[in-house]
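Chain by chain, the residues:
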Amino acid sequence: MAHHPPHTSIAAPTSENELAKLGVAAAAQAIRTGEVTAETYVSALLDQARIKADLNAFITLDEQGALSAARDADQARAKGQSAPLLGVPLGIKDSYLTAGLRTTLGVGALKDFRPTEDADAVATLKAAGAIVLGKNNLVELSYGLTGDNAPWGQAENPHARGHVTGGSSSGSAAAVAARLVPATLGGDTIGSIRVPASLTGVVGFKPTTGRWPREGVAPISHTLDTTGVFARSVDDCALIDQVVTNAPSTVEAVRADLKGTRFAFAPRQYLNPVDPEVEARFRSTLVRLADAGAEIVEIDLGEDFQELALQTTWGLFFRETKASLTEFLERHTVPVTFEALHASLRPGIKDAWDHFVVPGAAGYLTEDAYHALTVARLALKARMGEVFTRYGADAMIFPTTPCTAPVVDRQVQFTVAGQDVDFRVLANNTIPASGAGLPGISLPIGLGDRHLPIGMELDGPEGQDRALLALAARVEKVLGVEASRS
């Protein structure tokens with residue numbers, strides 16, 4: 001059954017710049033009603049991508065393929081055919097297989113690899129009428145949190161060149177923030193959607209682990225990996241989620257209040273450390289939510305919570321990489337071996353692999369230690385579950401990242417709240433939901449002192465993704481969807 005976004009009236013866009021501002025639902029509607037042709041829309045976005053090529057948001061633009069698909073979409077519409085995303089171009093993180101379109105996983109060794117199949121999520125979106133505009137830049141093999149990439153270039157933050165985008169889904173976030181596409185697919189193992197969403201000022205949604213298909217996407221950890229989406233509004237994330245999961249269509253007005261909602265806030269765990277400007281913006285946002293009727297409950301998840309979350313999740317991240325990636329390469333006949341990838345990695349990533357990922361390395365977990373992580377993960381899930389059972393919260397609420405985007409030249413080591421930290425701190429707050437498998441969504445809540453975005457995350461109960469998206473839409477409406485857009 002075709003799901004269509006609710007019909008809302010929009011003025012016909014009059015310029016390339018206006019076309020680039022369209023969200024997913026608005027673009028789908030404009031194409032469906034004939035206000036805009038898919039070919040005109042795709043052409044406008046390709047022009048924007050060329051103008052902003054210095055962002056390094058894309059590794060590959062499929063100009064001819066996208067224009068051809070747009071013409072096909074226009075012909076289909078002329079014949080009376082419809083689909084929920086007919087003619088809407090999207091960006092795809094370059095860890096997803098795309099049939100006939102170069103797929104690099106962010107490494108130079110795969111610069112000529114063209115898969116014969118689409119990842120399941122890509123195939124589903126294409127079946128709904130979407131067009132792949134191109135493949136988005138990423139950290140090599142999705143192994144990083146800042147957006148650095150040696151063979152394809154550093155992804156740049158559209159809000160301020162010279163600042164990181166976050167990672168690993170760096171180009172996916174940058175492309176949405178720069179209005180090169182209305183939405184992109186990303187991947188999230190410890191925060192690789194939510195971190196860049198926060199640092200670039202867009203909405204980033206990580207579903208409950210296992211809810212979205214991940215077949216055909218290069219993995220890190222079979223326990224933690226999930227596919228997900230970036231867009232410029234919660235509604236657009238919800239529309240993509242609806243299409244990908246075939247969720248029932250719901251058309252209801254979003255309330256501009258939060259009466260009857262309860263948010264749990266754990267300052268001891270989620271403000272440690274956090275830059276003062278981020279904490280100030282977050283606390284002022286809590287006041288606005290309370291003024292709109294929300295109940296804010298302050299809780300404490302325990303002195304050992306951060307250690308439990310970080311050690312468990314990072315442990316699974318490193319320990320499962322070799323088995324997960326090797327199996328993927330073999331199953332999809334990707335023309336490179338794990339050993340060749342390991343040898344080609346840039347310093348930093350290779351150092352991590354040498355210490356944690358390669359069997360027999362000093363930090364590689366024994367079988368007993370690995371199995372102990374399963375027990376620890378159950379403890380983490382139970383602790384996170386208390387937020388919703390014991391405290392009756394609809395969502396956990398906290399700053400997505402502890403700081404705004406670091407500068408590219410100091411992306412490995414920098415300071416947060418006066419403390420010397422390394423890049424791993426960017427995922428401190430996103431990791432608990434990853435370890436517990438919960439859905440999470442990062443929303444932009446404003447700009448910091450240097451006009452860099454600040455993000456706020458909502459985590460919901462496991463499997464309650466549609467409820468979380470509906471709640472996030474209400475929060476967005478209270479805060480103002482354009483409040484922090486550049």
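These notes cover the structure that comes with them. (Residues numbered from 1 in each chain as written. Predicted model: local features only at pLDDT ≥ 70, side-chain atom pairs only at ≥ 80, totals over all residues. Heavy atoms only, no water.)

### With respect to the sheet that holds strand 6 (residues 226–231)
The 11 strands are arranged 1-3-2-4-6-5-12-13-9-7-8 in an open sheet whose pairing can be described as mixed. If you trace the sheet from one side to the other, it starts and ends with strand 1 (58–61) and strand 8 (295–298), each paired once. Averaged over all adjacent pairs, the angle separating strand axes in this sheet is 30°, with direction ignored. Where helix 6 (residues 170–177) meets the sheet, it contacts strand 1, strand 2 (89–93), strand 3 (131–136), strand 4 (183–188) and strand 6, and its direction lies at approximately 155° from that of strand 4. Here helix 15 (residues 367–389) sits on the sheet in contact with strand 7 (262–265), strand 9 (395–399) and strand 13 (453–459), set at roughly 110° to strand 9. (Pairing = 2+ DSSP bridges. Helix = DSSP H or I, 4+ residues; strand = E, 2+ residues; numbered from the N terminus. Axes fitted to C-alpha atoms, helices over the stretch in contact; angles between N-to-C directions. Contact = heavy atoms within 4.5 Å.)

### Brief notes about the packing of aromatic side chains
Enumeration over the complete set of coordinates arrives at 11 aromatic pairs. Ring geometry for Tyr-143 versus Phe-318: centroids 6.3 Å apart, planes at 50°, classification tilted. One end of the pair, Tyr-143, is in the loop between strand 3 and helix 6; the other, Phe-318, is in helix 11 (residues 305–319), with 175 residues separating them in the sequence. Phe-318 shares its class with Tyr-143; the two are buried. Judged by centre distance (5.6 Å) and plane angle (70°), the ring pair of Tyr-143 and Trp-353 falls under edge-to-face. Placement of the pair is Tyr-143 in the loop between strand 3 and helix 6 and Trp-353 in helix 14 (residues 349–357), with a sequence separation of 210 residues. Each member of the pair Tyr-143 and Trp-353 is classed as buried. Above the face of the Tyr-370 ring, Arg-319 is positioned so that its terminal group lies 4.7 Å from the ring centre. Lying over the aromatic face of Phe-338, Lys-322 brings its terminal NZ or CZ to 5.2 Å of the ring centre. (Phe/Tyr/Trp six-rings, centres within 6.5 Å; stacked < 30°, edge-to-face > 60°. Buried < 20%, exposed > 50% of the residue type's maximum accessible area, 1.4 Å probe, protein only. Lys NZ or Arg CZ within 6 Å of the ring centre and 35° of its normal.)

### Things to note about unusual backbone geometry
Of note, the bond from Gly-167 into Ser-168 is cis; its omega dihedral lies within 30 degrees of zero at 10°. Following Asn-272, the chain continues to Pro-273 via a peptide bond in cis, the omega torsion being -10°. With respect to the helices and strands, the residue Pro-273 is situated in the loop between helix 9 (267–270) and helix 10 (276–291).

### A word on the side chain of Ser-221
Structurally, Ser-221 is set in the loop between strand 5 (203–206) and strand 6. At a separation of 2.5 Å, a polar atom in the side chain of Ser-221 contacts the side chain of Glu-320. For Ser-221, the residues in contact, after removing those within four places along its chain, are Thr-189, Arg-214, Leu-316, Phe-317, Glu-320 and Ser-324. (Polar contact = N/O pair within 3.5 Å; in protein donor to acceptor, adjacent residues only side chain to side chain.)

### Considering helix 11
When the terminal C-alpha atoms of helix 11 are compared, their 21 Å separation across 15 residues agrees well with the 21 Å that a helix rising 1.5 Å per residue should span. Of all 15 residues in helix 11, 11 are buried; the element is thus mostly enclosed. Those residues of helix 11 that are buried are in contact with helix 9, helix 12 (321–331), helix 14, helix 15 and helix 16 (431–436). (Expected span 1.5 Å × (residues − 1).)

### Thoughts on the pattern of salt bridges
Enumeration according to the criterion identifies 29 salt bridges in this entry. A salt bridge links Asp-94 to Lys-135; its shortest N-O distance comes to 2.8 Å. Highlighted residues: Asp-94 in the loop between strand 2 and helix 5 (120–127) and Lys-135 in strand 3, separated in sequence by 41 residues. The exposure class of Asp-94 is buried, given its relative accessible area of 0%. With relative accessibility at 0%, the residue Lys-135 sits in the buried group. Across the pair Asp-300 and Arg-268 runs a salt bridge, and its minimum N-O distance is 2.8 Å. With Asp-300 in the loop between strand 8 and helix 11 and Arg-268 in helix 9, this residue pair connects regions lying 32 residues apart in the sequence. (Salt bridge = Lys/Arg side-chain N within 4 Å of Asp/Glu carboxyl O.)

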